[in-house]
Amino acid sequence: MAGDQNYHKVKKVIFFFLVYFFNQICFANTIQINKIADLEDPWGSTFVNNKELIITEKIGKIKLVNIETGKVNEINHNINFLVDGQGGLLDVIYQDQYVWVSYSEDRGSGKSNTSIARGEFNNKNINFKNIFQASPDINSGYHYGSRLAIKDKQIYASIGERGGGMIAQDPTNHTGSIIRINLDGSVPIDNPKFQGQDNWLPEIYQIGVRNPQGLTYSKFDDKIYASNHGARGGDWFGEIKKGENYGWKILGWGGKNYSGIPIGPKWKPGFTKAIQYWVPSIAASAITIYDGKEFSEWNGKALITSLKDQSLRTLDFNDLNNVKEEIIFKDKIGRIRDIQVHPTNGKIYFLASDSLWLMEKN
């Protein structure tokens, strides 16, 4: 009996090794990934044209990278950032000669919170002005979020709950929410506060998130999607829905506290239900809905990057009752912080391991 069990164990190990080896060969034959440039703790990126990316470094620098030559130039700026734990310069997005940056703002006495600044693009120096400041000021280096996405004439931003847990259920502050503002920082007149949610702050669009480090717009269905870190498990990908509540910290999304104590149910009626959950945690990071030529077979699918298992995954969520997930690669370029699709050719760029990487077909 023991011999049979050992035989089956060895057979199983060999099978998984062969599957892994086969996948690596297929990956090597179809896709290649190359380093473009070295950076220091890069966080967010955005195309300004077909040749250049603006990249934020969490340490406080803004870089302009030529993706054809690998040349890196620094752009001077006046942002009042605070590097504290997970905070610093965070996401960046460009549109129509303007640049928006989300960051942890130095509010004095060691306190900070997520802010958004806007400036007119210049490849040497950008003079930013704040258009949004999350409240309250908090003495914590945890869970800032923070991604940006533009839909129509509004900008959406994910604001982390700063480790405060149930604070994400309090719409009289911004922490643990998705906010929506106009591109100039003014408040849309159809935000939830003006449509029945009287006690919500005017900028808040949805509440109950923990540490959402992915946010993107999909032209395929005209919706905004987010990814969110759980604690020990409970990462998710889901749609951003006006006036709704993702449930943190009433819900645990399948995860537990770091102490091992259960948080709450995965989901229950009355709360927004995510499209996909990950237990254990993959540390879901930046996301995009692919739209391009290079990997046209992925058009309309979500691309999910991760920090913990250093993977790129595709999600086919056309049928919400049958979501299909595929791991494209793992452990090749390190912890993946951001992903961008080239606006013309559809090749994919990653920020990972203090570098900018290009993924394309062989």
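What you see is a predicted model, and the numbers here were worked out from it, not measured in a lab.

Criteria and thresholds
Residues numbered from 1 in each chain as written. Predicted model: local features only at pLDDT ≥ 70, side-chain atom pairs only at ≥ 80, totals over all residues. Heavy atoms only, no water. Helix = DSSP H or I, 4+ residues; strand = E, 2+ residues; numbered from the N terminus. Contact = heavy atoms within 4.5 Å. Pairing = 2+ DSSP bridges. Axes fitted to C-alpha atoms, helices over the stretch in contact; angles between N-to-C directions. Buried < 20%, exposed > 50% of the residue type's maximum accessible area, 1.4 Å probe, protein only.

### A short note on the side chain of Glu360
- Relative to the helices and strands, Glu360 resides in strand β25 (residues 355-361).
- Ignoring anything within four residues of it in the chain, the contact list for Glu360 reads Thr30, Ile31, Gln32, Asn34, Glu294, Phe295 and Lys347.

### Comments concerning the sheet that holds strand β7 (residues 98-108)
- Spatial strand order, β6-β7-β8-β10: four strands in an open sheet with antiparallel pairing. At either end of the open sheet lies a strand with only one pairing partner, and these are β6 (89-95) and β10 (129-133). Averaged over all pairs of adjacent strands, the angle between their axes in this sheet comes to 35°, without regard to strand direction.
- Where β7 and strand β8 (residues 111-120) come together, ten bridges link them in antiparallel fashion. By the bridge assignment, Ser104 is partnered in β8 with Thr114.

### Regarding the environment of Trp298
- Secondary-structure assignment places Trp298 in the loop between β19 (284-289) and β20 (302-306).
- Owing to a relative accessible area of 5%, Trp298 belongs among the buried residues under this scheme.
- It is 29 Å that separates the C-alpha atoms of Trp298 and Tyr205, two residues lying 93 residues apart in sequence.
- Once residues within four sequence positions are removed from consideration, Trp298 is found in contact with Tyr290, Leu303, Thr314, Ile328, Ile348 and Met359.

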